[in-house]
Amino acid sequence: MAFSALSDTELILIVIAVIYLWECLVWLPAEAVAFTTAFGSLKLASHPTFLQRIDSHAAVLSIFPWSRSIVASEWPVPVSRDGLCILTGAKAGTFIPFGDLKTVEADQRYLRINRTRTKCASLEAARRFANLLTTLRELHIDKRDAVLDEAMQSSFSSEGVVSRIEQVDRSVSALRLASLLLFIWVFIQGPILYYTTESQTGALIRYLAVSGFFWLVGVVLFAIAQRRLLNSPATEQFSRVATLCVSPAGVMRAANIITSDAFSEFTPAAVAAAVMPATDFRSYIGQRLRQLTHPSASDFPDTSPEFRSTRTSFDARQLKTLSVILKEQGIEIDELLRAPVPDFDARTWCPRCLTQYTLESGDCPECLDVPLQKFNDVSIEQTTMPVV
């Protein structure tokens, strides 16, 4: 059907539908992961390759208005007792000792460190890391390890994720219902009224009145829920509410807006341990473990001793904390790091990405400088990084 043949009402519905589908896309920094579901357990959201950029990517959330979504992110910068490493932007590969840390603050969704900006998953995440780095800067070097360990354990706490989910569900239940009713009225009941009612004027008045009511209720419930759950400045909260005041599609996705930002203090591993089915969790956490135990050249853009020391120490601290989660789940690290079943002509495999090759030796071209391992040389005891 040609657009010229559509009425103004039909065109408005199409525009709202397109905006609604756009709201199902969320742009995240490279270190962030989205979990989503409309039915059953949360699973990893799809990340289309054509929507990936150098330092960010898009996640496709469930399109159903009653769906649940969680966004979690790794730490935006590796941190040790000595300083931190910048991984993205023009200053990628820079090591900054705490003595040279002059400015650290949250700038919208960015963590501003001196003159560099690192994108975070949310404003809440940027503010939390800014506060952590400010605290570490003021502490004596001998006291920083204890603060880092506590912050790391908190961010990897699957029990904290479960508690947060319960709190979020209680706070957004009414908002989720209002969003669903608005969705049903706009996209289901509205067209029924339009095509079955003889009095178009009367149907339009009823349609707009009920839509406006659910719209207003959704905005009010969103304002209440974000004040309870998100520790955002008043200006940021007002900006979000103002956006929903001009976007009915945004109100339909309002619960997901809040749940996407309400878990900024947790890492993807913690969320995965709390919400994913056992099989999916093993697959996801196995990939994360391989990244930590077999770092690639992209993890070390600077070869200075300070950068390498901080990055290695940070990864070792993550590995130590992850091992606690796996122990609680009854999973052995060696089991997740074992070699894959070889293809009939495979001679070697990459311990980071599990890609198999017919080469006898060399480095994985996908993971840069990660040495390939021979299938007949794989040790039962996998090599792990030192634990701090």
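Residues numbered from 1 in each chain as written. Predicted model: local features only at pLDDT ≥ 70, side-chain atom pairs only at ≥ 80, totals over all residues. Heavy atoms only, no water.

1. Describing the overall build of the protein chain
In step 1: In terms of regular secondary structure, the protein chain is built from 12 helices and 13 strands.
In step 2: Dimensions of the protein chain along its principal axes, counting C-alpha atoms only, are 80 × 55 × 40 Å.
In step 3: In the protein chain, which comprises 388 residues, the proportion classed as buried is 47%.
In step 4: Total accessible area on the protein chain stands at roughly 19,400 Å², and carbon and sulfur atoms take up 57% of it. (Helix = DSSP H or I, 4+ residues; strand = E, 2+ residues; numbered from the N terminus. Buried < 20%, exposed > 50% of the residue type's maximum accessible area, 1.4 Å probe, protein only. Areas by Shrake-Rupley, 256 points an atom, 1.4 Å probe, with all protein chains shown as cover.)

2. Things to note about the environment of Cys245
In step 1: Within the secondary structure, Cys245 sits in helix α6 (residues 234–245).
In step 2: Setting aside its immediate chain neighbours within four residues, Cys245 contacts Trp215 and Val219. (Contact = heavy atoms within 4.5 Å.)

3. So, the pattern of salt bridges
Pairing between side chains of opposite charge can happen when the charged atoms of each approach one another.
In step 1: Counting across every chain of the model gives 16 salt bridges.
In step 2: A salt bridge links Glu74 to Arg288; the shortest N-O distance between them is 3.1 Å. Of the two residues, Glu74 sits in the loop between β5 (68–73) and β6 (83–86) while Arg288 sits in helix α10 (residues 278–293), which places them 214 residues apart along the sequence.
In step 3: Given the relative accessible area of 12%, Glu74 is considered buried.
In step 4: Residues Arg282 and Glu335 are paired through a salt bridge, measuring 2.5 Å at the closest nitrogen-oxygen approach. One end of the pair, Arg282, is in helix α10; the other, Glu335, is in helix α12 (residues 333–336), and 53 residues separate them in sequence.
In step 5: One continuous salt-bridge network, built from bridges that share partners, spans Arg81, Asp142, Asp145, Asp149 and Arg317. (Salt bridge = Lys/Arg side-chain N within 4 Å of Asp/Glu carboxyl O.)

4. Considering α10
In step 1: Between its first and last C-alpha atoms α10 spans 22 Å; for 16 residues at 1.5 Å apiece the expected length is 22 Å, and the two agree.
In step 2: Every buried residue belonging to α10 is among Phe281, Tyr284, Ile285, Gly286, Arg288, Leu289, Arg290, Leu292 and Thr293, and all of these are buried.
In step 3: Among the structural elements, β2 (32–37), β3 (43–44), α9 (268–275), α11 (305–329) and α12 are those in contact with the buried residues of α10. (Expected span 1.5 Å × (residues − 1).)

5. Examining the sheet that holds strand β10 (residues 116–119)
Sheets are built from strands paired through backbone hydrogen bonds, the pairs being either parallel or antiparallel.
In step 1: Within the open sheet, the 3 strands sit side by side as β8-β9-β10. Their pairing is antiparallel. Strands at the two margins of the open sheet, each flanked by one partner only, are β8 (104–107) and β10. When strand polarity is set aside, the average angle formed by the axes of neighbouring strands in this sheet is 25°. (Pairing = 2+ DSSP bridges. Axes fitted to C-alpha atoms, helices over the stretch in contact; angles between N-to-C directions.)

6. Section: the sheet that holds β3
In step 1: Strand order across the open sheet formed by 3 strands is β3-β2-β5, with antiparallel pairing between neighbours. Of all the strands in the sheet, the pair left with one neighbour each is β3 and β5.
In step 2: As judged from the 6 bridges shared by β2 and β5, these two strands associate in the antiparallel manner. Its bridge partner lying in β5, Ala32 is registered against Ser73.

7. Digging into the packing of helix α4 (residues 158–196) against helix α5 (residues 200–229)
In step 1: The interhelical angle for the contact between α4 and α5, taken along N-to-C directions, is 170°, at an axis separation of 10 Å. Classified by the angle between their axes, α4 and α5 sit roughly antiparallel to one another. (Parallel < 35°, antiparallel > 145°, perpendicular 65-115°, else oblique.)

8. Focus on the nonpolar core
In step 1: Phe35, Trp75, Val79, Ile113, Leu133 and Phe281 are the most contacted members of the largest nonpolar core, which has 82 residues in total.
In step 2: Considering every element that reaches this core, the biggest residue donor is α4, with 10 residues.
In step 3: Apart from residues lying up to four places away in sequence, Val79 is in contact with Leu84, Phe98, Leu133, Leu136, Leu148, Thr310, Phe314 and Arg317.
In step 4: By size, the runner-up hydrophobic cluster in this structure holds 9 residues, among which are Leu28, Ala59, Leu61 and Val71. (Core = buried A, V, L, I, M, F, W, Y, C linked by side-chain atoms within 4.5 Å.)

9. Overview of the packing of aromatic side chains
In step 1: Tallied over the full model, the rule gives 10 aromatic pairs.
In step 2: When the ring of Tyr20 is compared with that of Phe187, the centres are 6.1 Å apart and the planes differ by 65°; the resulting orientation is edge-to-face. Placement of the pair is Tyr20 in helix α1 (residues 8–23) and Phe187 in helix α4, with a sequence separation of 167 residues.
In step 3: Tyr20 gets classed as buried once you look at its relative accessible area, which sits at 4%.
In step 4: Residue class for Phe187 comes out partly exposed when judged on its relative accessible area of 21%.
In step 5: Here Arg117 stacks its cationic end above the ring of Tyr110, 3.9 Å away from the centre of that ring.
In step 6: The ring of Phe129 has Arg128 sitting right over it, with the charged end atom 4.5 Å from the ring centre. (Phe/Tyr/Trp six-rings, centres within 6.5 Å; stacked < 30°, edge-to-face > 60°. Lys NZ or Arg CZ within 6 Å of the ring centre and 35° of its normal.)

10. Some details on a nonpolar patch on the surface
In step 1: Nonpolar side chains collect at one region of the surface, where Leu21, Phe39, Ile63, Phe64 and Trp66 lie side by side and expose about 500 Å² of accessible area between them.
In step 2: Following the sequence through the fold, Trp66 ends up in the loop between β4 (56–60) and β5. (Patch = residues over 30% accessible without salt bridge, like charges linked within 9 Å, V, L, I, M, F, W, Y side chains within 5 Å.)

11. Here's the deal with the side chain of Arg311
In step 1: With respect to the helices and strands, the residue Arg311 is situated in helix α11.
In step 2: Not counting residues within four places of it along the chain, the set of residues in contact with Arg311 comprises Pro78, Cys85, Leu87, Asp299 and Phe300.

12. Digging into α5
In step 1: The terminal C-alpha atoms of α5, which comprises 30 residues, lie 42 Å apart, in line with the 44 Å expected from a rise of 1.5 Å per residue.
In step 2: Three or more residues of α5 are buried, namely Ala203, Tyr207, Ser211, Phe214, Gly218, Val219, Phe222, Ala225, Gln226 and Leu229.

Bear in mind that shape data such as this cannot, by itself, settle questions of function.
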